[in-house]
Every structure is written in C-alpha cells, then in structure tokens.
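Each chain is listed here by its residues.
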Amino acid sequence: MMVFRQAKWDEPVLFELGGSSKQTFAVDDEFSGEAEEALSKAPRHVLRSVEPGIPNLSEVEVVRHFTRLSQMSYGVDLGPVPLGSCTMKYNPKVSEELASDRRIVDLHPYQDVDSVQGVLEIMYLMQKWLSEITGMDECSLQPPAGAAGEFVGALIIKKYHLDKGNTGKVEMIVPEAAHGSNPASSAMAGFKVVKIPTAPDGETDIEALKAVLSDSTAGLMLTNPNTLGIFESKIVEISDLLHGRDALMYYDGANLNGILGLVRPGDMGFDIIHLNLHKTFSAPHGGGGPGAGAVCVKSGLKEYLPVPIVDFDGRKYVFRYDLSRTVGRISWFYGNVVPIVKSFIYIATLGPSLREVAELSVLNTNYLMRKLAGLRGVSLAYGEGRWRKHEFVVSFEKLLKETGVSAEDVAKALLDRGFHAPTIYFPLIVKEAHMIEVTESESKENIDALANAYKEVVDLAYSSPELVKSSPTNTSVGRLDVLTANHPKTLAPTYRYVEKLKDEGP
Amino acid sequence: MHNWIPNSSPEIRGELLRDLGLKDVSELFSDVPPQLLLARDLNVGFGRTLAEYEVVRLFNTLISKNRLSEVPSFMGGGLCQHYVPSAVKALVSRSEFYTAYTPYQAEIAQGLLQALFEYQSLMADLYGVKVVNASMYNGSTASAEAVLMAARAKKRRRILISESVHPEVVEVIRTWGFGAGLELVNVGLDRESGQISLSDLRSKLSDEVAAVFVQTPNFFGVVESVVREVIEETHRVNALSIVYTHPLALGVLEAPGAMGADVVVGDVQGLGVGLNFGGPSAGILGINDDKELLRQFPGRLIGATRTVDGRERGFTMILQTREQHIKRERATSNITTNASLEALAAAVHLSLLGSKGLRRLGEAILGRTHYLVKSLSRLESVDLLFPEALHFREVGVRFPVNAAQVLRTLASRGVYAGPDLGRFRGELGDCGLVCVTELHTKRDIELLVELLGEVVGRGG
Ligand SMILES: Cc1ncc(COP(=O)(O)O)c(C=O)c1O
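First, a word on what this report is: a plain description of the structure on this page. (Residues numbered from 1 in each chain as written. Chains lettered and ligands numbered in written order. Predicted model: local features only at pLDDT ≥ 70, side-chain atom pairs only at ≥ 80, totals over all residues. Heavy atoms only, no water.)

Let us now look at the overall build of chain B. Assigned secondary structure in chain B consists of 14 helices and 16 strands. Dimensions of chain B along its principal axes, counting C-alpha atoms only, are 85 × 55 × 50 Å. Counting the 460 residues in chain B, one finds 69% classified as buried. Excluding contacts between residues fewer than 6 apart, the proportion of contacts in chain B whose partners are at least 24 apart in sequence is 72%. Per element, the accessible surface of chain B, about 15,100 Å² overall, is 48% carbon and sulfur. Computed over 48 positive and 52 negative side-chain charges, the inter-centroid distance for chain B is 1 Å. (Helix = DSSP H or I, 4+ residues; strand = E, 2+ residues; numbered from the N terminus. Buried < 20%, exposed > 50% of the residue type's maximum accessible area, 1.4 Å probe, protein only. Contact = heavy atoms within 4.5 Å. Areas by Shrake-Rupley, 256 points an atom, 1.4 Å probe, with all protein chains shown as cover. Lys, Arg positive; Asp, Glu negative; His and termini not counted. Charge placed at Lys NZ, Arg CZ, Asp CG, Glu CD.)

Attention now moves to the sheet that holds strand β6 (residues 272–276) of chain A. Residue and element names in this part refer to chain A. Strand order in the open sheet formed by seven strands is β1-β7-β6-β5-β4-β2-β3, and the pairing between neighbours is mixed. The two strands at the open ends of the sheet, each matched to only one other strand, are β1 (138–140) and β3 (192–196). For this sheet, the mean inter-axis angle between neighbouring strands, taken without regard to orientation, is 25°. Bridge analysis of strand β2 (residues 171–175) against β3 gives five bridges, and the strand direction is parallel. The partner of Glu-171 across the bridge, within β3, is Lys-192. (Pairing = 2+ DSSP bridges. Axes fitted to C-alpha atoms, helices over the stretch in contact; angles between N-to-C directions.)

Turning our eyes to something else, we now look at the side chain of A:Thr217. Residues and elements named next belong to chain A. Inspection of the secondary structure puts Thr-217 in strand β4 (residues 217–222). The class of Thr-217 is buried, set by a relative accessible area of 0%. Engagement of the side chain of Thr-217 in a polar contact is seen with the backbone nitrogen of Ser-214, the distance being 2.9 Å. Apart from the residues within four sequence positions on either side, Thr-217 is in contact with Lys-169, Glu-171, Ile-173, Val-212, Leu-242, Arg-245 and Ala-247. (Polar contact = N/O pair within 3.5 Å; in protein donor to acceptor, adjacent residues only side chain to side chain.)

Moving on: the packing of helix α12 (residues 354–373) of chain A against helix α1 (residues 10–19) of chain B. Contact pair α12(A) / α1(B): the axes reach a minimum separation of 10 Å and the direction vectors enclose 45°. By the angle class used here, α12(A) and α1(B) are oblique. Seen along the crossing, α12(A) lies across α1(B) with a hand that is left-handed. Seen from α12(A), the contacting residues are A:Glu356, A:Glu359, A:Leu360, A:Leu363, A:Asn364, A:Tyr367 and A:Arg370; seen from α1(B), they are B:Arg13, B:Leu16, B:Leu17 and B:Asp19. Across the contact of α12(A) with α1(B), the residue classes break down as five nonpolar, one polar and five charged. (Parallel < 35°, antiparallel > 145°, perpendicular 65-115°, else oblique. Left-handed = near helix turned anticlockwise from the far one by under 90°. Nonpolar A, V, L, I, M, F, W, Y, C, P; charged D, E, K, R; others polar.)

This part takes up the sheet that holds strand β14 (residues 394–398) of chain B. All names here are of chain B. Taken together, three strands build an open sheet; the order of strands is β13-β14-β16 and the sheet is antiparallel. For this open sheet the edge positions go to β13 (383–384) and β16 (431–435), each flanked by a neighbour on one side alone. Of the pairings in the sheet, the one linking β13 to β14 comprises two bridges and is antiparallel in character. Note on β14: the bridge partner recorded for Asp-383 is Arg-398. Packed onto the sheet, helix α12 (residues 340–377) meets β13, β14 and β16 and runs at close to 10° relative to β14.

What follows concerns the site of the ligand. By nearness alone, 15 residues border the ligand, and A:Ser85, A:Gly146, A:Asp252, A:Lys279 and B:Thr337 come closest of all. Of the chains in the model, those with residues near the ligand are chains A and B. A:Ser85 places a polar side-chain atom, nitrogen or oxygen, 2.5 Å from an oxygen atom of the ligand. Contacts to the ligand include A:Asn276, whose side-chain N or O atom sits 3.0 Å from an oxygen atom. Taking 380 Å² as the accessible area of the ligand by itself, protein coverage stands at 97%. (Near = heavy atom within 4 Å.)

Residues and elements named next belong to chain A. Applying the stated criterion across every chain yields a total of two disulfides over all chains. A disulfide bridge connects Cys-139 with Cys-296, and the sulfur atoms are separated by 2.2 Å. Classification of the bridge connecting Cys-139 and Cys-296 rests on its S-S torsion, roughly 100°, and on that basis the disulfide is right-handed. In this pair, Cys-139 sits in strand β1 while Cys-296 sits in strand β7 (residues 293–297), placing the two residues 157 residues apart along the sequence. (Disulfide = S-S within 2.5 Å.)

Both faces of the sheet carry side chains from a regular strand, because those side chains alternate between them. Residue and element names in this part refer to chain A. With five of its five residues buried, β2 lies for the most part within the structure. Residues Glu-171, Ile-173 and Pro-175 point to one face of β2 and Met-172 and Val-174 to the other, with burial holding for every one of them. In the classification by handedness, the crossover that spans β2, the intervening helix α7 (residues 181–188) and the parallel β3 is right-handed. Note: β2 against β4, three bridges, orientation parallel. For Met-172, the partnering residue across the bridge sits in β4 and is Gly-219. (Right-handed = clockwise from strand over helix to strand, strands pointing away.)

Moving on, we get to the interface of chain A and chain B. By a widely used convention, the size of an interface equals the accessible area lost when the partners come together. Taken together, the contacts link 208 residues of chain A with 191 residues of chain B. Summing the contributions of chain A and of chain B, the shared interface buries around 17,500 Å²; its carbon and sulfur component is 63%. The interface formed by chain A and chain B holds 18 salt bridges in total. Among the salt bridges present, the one from A:Arg386 reaches B:Asp31, with a minimum N-O distance of 3.2 Å. Of the residues forming the side of chain A that touches chain B, the biggest block, twelve residues, is contributed by α12(A). Tallied by class, the residues present in the side of chain A that touches chain B amount to 114 nonpolar, 51 polar and 43 charged. (Buried area = accessible area lost by both parts, 1.4 Å probe. Salt bridge = Lys/Arg side-chain N within 4 Å of Asp/Glu carboxyl O.)

Another point: the packing of aromatic side chains. This model, assessed by the stated rule, comprises 25 aromatic pairs over all chains. With a centroid separation of 5.6 Å and an interplanar angle of 80°, the aromatic rings of A:Tyr110 and B:Phe424 are classed as edge-to-face. Taken together, the residues A:Tyr110 in the loop between α4 (102–105) and α5 (117–134) and B:Phe424 in the loop between β15 (417–418) and β16 connect one chain to another. When the ring of A:Trp129 is compared with that of B:Phe46, the centres are 5.6 Å apart and the planes differ by 85°; the resulting orientation is edge-to-face. With one member in each of two chains, A:Trp129 in helix α5 and B:Phe46 in the loop between α1 and α2 (52–63) form a pair that bridges those chains. (Phe/Tyr/Trp six-rings, centres within 6.5 Å; stacked < 30°, edge-to-face > 60°.)

Moving on, we get to the nonpolar core. A:Leu130, A:Leu354 and B:Met123 are the most contacted members of the largest nonpolar core, which has 310 residues in total. Considering every element that reaches this core, the biggest residue donor is α12(B), with 15 residues. Excluding residues that lie within four positions of it along the chain, B:Met123 makes contacts with B:Val132, B:Val268, B:Leu271, B:Ile284, B:Ala346 and B:Leu350. Formed by 27 residues, the second largest nonpolar core is a distinct cluster that contains B:Leu372, B:Leu376, B:Leu384 and B:Leu448. (Core = buried A, V, L, I, M, F, W, Y, C linked by side-chain atoms within 4.5 Å.)

What follows is about helix α7 (residues 167–177) of chain B. The buried count for α7(B) comes to nine of eleven residues, which makes it a mostly enclosed element. Burial in α7(B) covers these residues: B:Pro167, B:Glu168, B:Val169, B:Val170, B:Val172, B:Ile173, B:Thr175, B:Trp176 and B:Gly177.

This part takes up unusual backbone geometry. All names here are of chain B. Following Gly-279, the chain continues into Pro-280 via a peptide bond in cis, with omega recorded as 5°. You can see Pro-280 is positioned in the loop between β9 (263–267) and β10 (283–287). Residue Pro-419 is bonded to the preceding Gly-418 through a cis peptide linkage, with omega at 5°. With respect to the helices, strands and loops of the structure, Pro-419 is situated in the loop between β15 and β16. Backbone geometry places Ser-135, a non-glycine residue, at a positive phi of 125°.

On to α1(B), then. If you check which residues of α1(B) are buried, you get B:Ile12, B:Arg13, B:Gly14, B:Leu16 and B:Leu17. Looking at the buried residues of α1(B), the elements they touch are α12 and α15 (444–463) of chain A. B:Gly21 lies just past α1(B) and shows a positive phi near 70°.

Looking now at the pattern of salt bridges. A full pass over the atoms with the stated rule returns 63 salt bridges over all chains. If you follow the salt bridges from partner to partner, you end up with A:Asp201, A:Glu203, A:Lys234, A:Arg386, A:Lys389 and B:Asp31 in one network.

Next comes the structure, spelled out in structure tokens:
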C-alpha cells in the first residue's frame, strides 16, 4: 500500500512574512510628473487615506510562499479525487496550453466581430455540439457555472408561463435527492419549492409526484441518472405527466458522464438543460472555479435564451441579440470563454468516442461499487440490485452504530491513504453517505487501491476505532476545529480578525 | 480507446466486464427504455478521434482568424488590457491548485484554503471592509448578488442605480432581480460632472429603497467625488449603499469602505487576470458588517481556526449554513462553483505589488489617464464627454461623426479603442471610451491621438 505524506510547511500567512526586503514589483515612472499633476488637482477626499496593509515582498518570497501553499493542496494531478457529483476527471495538458494562447486571453470582449472570428467559430461549434449531445436545439454559453445555468432555466420557466398569461404557475418540484443548487435556483427565480421523495428502488417516487402535481406546477427539476447514480426508468411517463399539466421539464446536466453518447435528455422529454463544462467536458475546477456553464433548450424556448448567442449569417460569425423573449443577460459578455475553449479541445479530440467516456465511467463505477458493497458495516443506499451509472452512494450508518466511526471519520482516514475523500453527507436522503465517482480517468489499479483503502479503514474501525477517529495524520494538518471556526466570538474570515483575537482573546 | 481513458483498452475493459459477470457494457444500461438509447454515433468534433498534434493544428488554424491590437489595446468598458506578471501565470499554473476541487476536505487542502483566506484578507483591506467572500463569478454577478442581499436584508424591493454604472452590470442586475420582483430605478447623471446627480437621488430616495448602487471610477472613467454624500443620503432612509470599484484604482483612490459604504463590489480583471474575451475573471463582494448582513451574505467564506488539539493553525470553509448544499431553497444564493483560481491570481498579483507597488501602479495609470485627457483636449474635433472631471483609466470622448465608424477605421490601422457607446444607448452613438493602462507608453498615446486626428480631422 502506498504511503502518503503531504508536505507540511509552517508557512506564515502572507501578512506575517519577512517584510525586511521592502520590495515591490517594478513600475515605470515615465508618467510620474503627469501623476503628480493629476493628484494635485484631485479633491483630497477622493484620495486614499490609509495605505492598505499589503506587505512589500520580493518576487522570490512571493513565489516560494505560494509554491509551498500549492504543495499543501491536492488535485487530480496528484491522485484520485472521487468526489461524487463533481466529475473530477483528468484535465488534458494540451487544453491548458492552447487555451492560454494570446489570441484567446488577450481578446477584448468589445472587439469588432470581424477580429474575433476564430473564437466565435469555436463558440458556435460548441453551441452545436452541446445541442447534439443533449438532444436539444439551441444553446447559450453565457452562464459562468452550472448554478447560473440552472437559474437561467428557472427564469425561462417563469417567463414562459407569464408570457402565456399563466400567473398561477408558482411551484417548482424538486426531488429531495437533488443537488442543493436546484432548490436554491428555483427560489431565486421566485418559485415555491415542492419536495418529492425517492422510492426504495432509488427512483423518484412517482406516486408522490402525482400527488403534488397541480395547475400550480411550473416545472420539475430532475437529473437522470439521479444523484444516487440510478437511471430513472420511468422518465418518459414523468415527462408526459408534467407536460400534461403544461409544466416544463428541467434537466440538471451538471454531470453527463453516465450517459454521454448513449442517452440524450432531449429524447427523454426534457425541455431545458444546463451543463457544467468543468465537469463532463474536462475544464479544470480551479480549486473551486472558474467553471463554465451552458444552457440548452428545445426550439420552442429558443427565444428565451440569454443574449447574445453566436450565430452564422452565411458569411461570418456574429452575436445575436434579437431573441424576442430573452430572460436577459445572466452575466456580462459571453460566458467563461477560456474553459469553453478547453472543453472544445476535449470534444474535438474525442469526437464520437465521447461514448467511451460514459461507458468506462459506468464500468468503473460498478466495478468499485461491487467491491465496496461487500464491506462490513457498509451498505448500498436504495436500488438493491440495480446498476449505477456515473456514481454510487454507500451508507456507513451500520459502521457508525457498531463502531462509533462516522462517514466523516472514514473520509479523513482515506486522506491518510493518499486519496481525496468522496462527497460526504450528500445526497441528504442517505444517512452517513459517501457519494463516489471515479470517472473514466482512473485506472483499474487505482480503483483497486481505493477499494483496498476503504477495506483497511473499515477493518480498522472494528479493531481500533480510535485510530480512524484520530485521522488524518499524514496531511499538512490534523483534524480542524470547525466549531471554533464558526463561533461568532472566534470567527476569523480575514487576517485582521486573527490579529484582534491574538490581542484580545475571544 | 484513448489515453485519457486508462481502462479503455480491450483487455482491461474485458477484465472489468468479466468481474461484473457481463458480456457487454450495454447490459449496464438495461434499465434505460430501449427507445431512448441513441442508435448512432454523436455528430460532434471532426468525425473521429484526433491525435494531439492534429488538434493543435486545427486549433491554430481557427484562432489565427483572431486579431489583436498592434499597440497595447485602448479598449475599455469595464475590462482593460493590463500586464499579467509571469510569476502570477506560473503560480496559478501549479496543477495542485488548478486541478483541485472546492476545498471540502480542509486537512488536505490547507494551501488552497490559506491562499483564499489571504485573498479575502487582502481584498477586505483594499476595499476597507470587514469581510470579503472567496469570490463571485465576476463583477456583474457580484453586483447582482449585492443587490439581492440588500433587498433581503432590508425587506424592500426598490433599488436605485446610477446611470453611470456599467450598462451590462445594470442588465445583469435586472435579470437576476426578476425572480425576486426587484424594482430598478435609474438615477440620472449630472451632465456637467459626469457623476450621479445628487438632486435626482434625493428626489427618489424613500423608505421603500433597499439600496443605492454607484460606481467609481464610473463607466465613463470619472472618479465620483460625491460618493460620501451618496452614502450619507442613503443611510438617511436606512438603505444600504453599494459601491462598485476596480481594485487597481484603490492604490490611489479612497477605499469605499472607508467612505462608509456598506457593500463593496468589483472585478479582479487586470489584477493578475487577462481579458479572456470577457471571462473568466472573479467578482469581489464585501460587507462592512459581520453580524446582520453577514447572515445574508452569499458565497463561500474561508476562516482561520486551529486543529482540534489546539496546537496548530489551520483554515477551513466557514458559515456554510448560508449555502445551497445545506440551506437549499433558503440559501443566501445558489452559487456553488465560483472563481477561486482567478481570486488566487489576484492575491498573487497583490502580493507581488505590495502596498507600495499598488500605489505606484495606480499612479502610473492615473498619470497616463491625465496625459491622455490633455492630449485629447488638444484635438479640436474631439470633445471629452466630461472635460472637468477627474478620470482614472478610462475616458469618454465624443466625435463629430458616428463613433463605431471612427473606431473601425482605427482598428483597420491596428489600433483598437472603444467600445462605441451607441451599442448601449442610441443617443450616445457619437461617443466612445478609451482606456489606458501601465502598458501604454507616451508614444502609444501620441499615436492614438494622431490617428484620431487623421480620422476625424484635426480642426473643427
Ligand atoms: C448535480 C449538480 N447540479 C448542479 C451543480 C452546480 O454547478 P456549479 O458548481 O457549476 O454551479 C453541481 C455542482 O456543483 C452538481 O453536482
């Protein structure tokens, strides 16, 4: 078994660093006379009164500081990051290199379209490709992330009903197992969120759905395969039910890894979908962002998309602003173009073999699921005997009861074994949950190693639970005190608070 | 088969299938209604898998159709071309950072968490506020979130927005405010000063107003000298003041928090982040209150803490009970993925600059703006939109003819400036923006002015 030791630097916070060098990044003084003149004419009260507390360091100090911090971080390039729902696949290096070309990163968004035909062609092709992949008719790339795409979708649903004079459509149905951004986006669009449970087979409880369906229903937000990794086999019936009430079907397409090239949301009856290019289409996650979203719709909703979208007028690529029922701009400019370019390279490279991405991610998932489902204290949540798609969820409820070791403890012990932990305590319908997604990027050896790590931890939980509970010990720091971190008296969201606490105590 | 997919070789694929007792991968999809299974290949990409060098060639052919300004770009409109230090590029290219997910497992992500904590601390200092979150998508969505937060906190729906705010920011606020039923009211411009009109503001303030939104330096590059008065007036009706500022202006200009702003907003583009054709960048959002407003604050926050044994310092995400993954429909925002890497870039750039470098960079930009204003004033055929105002980075100009046409002619000579303001407001069709940054030399600015003189005529 691989031994993992994360770097551990006692790295001071930036504000505590040396400071003896008193250097700054060189700035020319060609215009210092002009600056003086401008400053002398400016009203005093618009000028800065207190110098900001940024230390003045040499470049060497800054580079070492952040390089050390990078060594105390962990991404896909170091090992598996099996976070369910997050699709942490490999980020090809060629995409990084190409997307940093000056002819992308130095483009100004207000340049004349004649001077940006290359990037517009890329965006146009992406709109087409994503329509084809999702089975939709038109896409906008403007949402800067998945949640923003959801919000657009919810706004489209709202506006669609209002345009029909249907002011009573005030409810959005969202499964309890849905990602938290679904209900949050619905609420932001002004909907009342109506929850529905999951049936024991792991699918949406269709009787519960029928019970809440009414003329107030504006739409349903669903992801299929759902967050348990289970395919909603009654999806056509669900779509018919919703459409029968003049409600729209919204697909949370953050993660298409389970169905890419095999099944398309548009064919299932969905009207609107958002995509996360930073999940399925390999744009890196950046330690939390930036991502890139896309929102795609069936032709009847095209006029509702955010503007502008990219179009081809027969001669050149142009921005179209004239969508008659547009929900408006969800963000300024045209979306997060750099990640869009990276996803373009991913799709261009794989082409029709995108299907293999889904096939291998599903194969990998089920291969690992089989290994974990047999472990002591571990149970598969819902859907007994069903195959999963891109991810699966196990529960450590029994382990907790029998040993006192929780899902969180298991996660921390996995860190010690060189794996990032999976998503924990989600979906909320599963107690002591681990939601695991290895994607197509993990080799059989790595999946075996992860399964072994799980086995080792679970066995340890039964023999020496305190060893699991005291993990992690191989990471840069040990278990952190979350209560202190969140307590109003000791809250420290900036360095000023740290200093104040030092001086005054909590 | 592809080498980005380790198990895609027939041997390994076969092993996995055998282990599961399957003959074909299609058996894993037996629960999908057969009529839903796609019976053909996706029509995406270029018909087949491409070798890396083929993709590189194809990509280069495509982007060779993009053109760049021959001298540093004079284009403005919220985003301007600045120098991105090599050290910033090198550090954000560390794949420990860029291939990481959101730091949900704090113990294995201390470096990333500390860097984001430093970002929050640096920005809070720069803007003179108590708390800044770990980033929004960009300045426009940070603005929308600020307005929504104010409406929630004040339980009021009316928002006053100065006409001198970036028009696309206003559009984004309108889109985001639709669901919450926000009412956006425009506060007019003082035509002399190019700033928000205080008299118009006073006439529109009432106890139904949740917030007043102003920008300085504003969309026309004018440094608004009335921000303090705006804030005072806003507080008189117990509303929140929201001030949008570019971080690079804050080396020389007063921090909005120090002027009494309740909420500050901005965008890091230019501070370690390139133009990127408009995105990504990162949105700055901060508040001057760590109690009431903090409860309504959207987005991720990192905090300092200690290990459970009390021995070491560490960092972790805090106050997550405001966020969607816990609070769901009652969350303060739906935001999940943000713009951490661009926030990191901004933090690295600020660290390189230091307080002294930031001031010098601010002066370098201010000096160039002043020089540009003086040079343009000498052109009789070109008028400054607001000749009496103090400008920073951007300057609004009026041409004797259609601005879009003038700017197109300039571009055909390899000099990019703009945007023309007609694209935002019909009545400003003869106006455009010009932006100068540390990248411009005196000769660059003279070249621009000379070319403008040729295009629109030196005389009246
Ligand atoms: C299922 C699901 N839906 C929506 C989202 C939101 O996407 P984003 O983080 O890009 O806003 C995510 C990821 O966080 C997700 O996993």
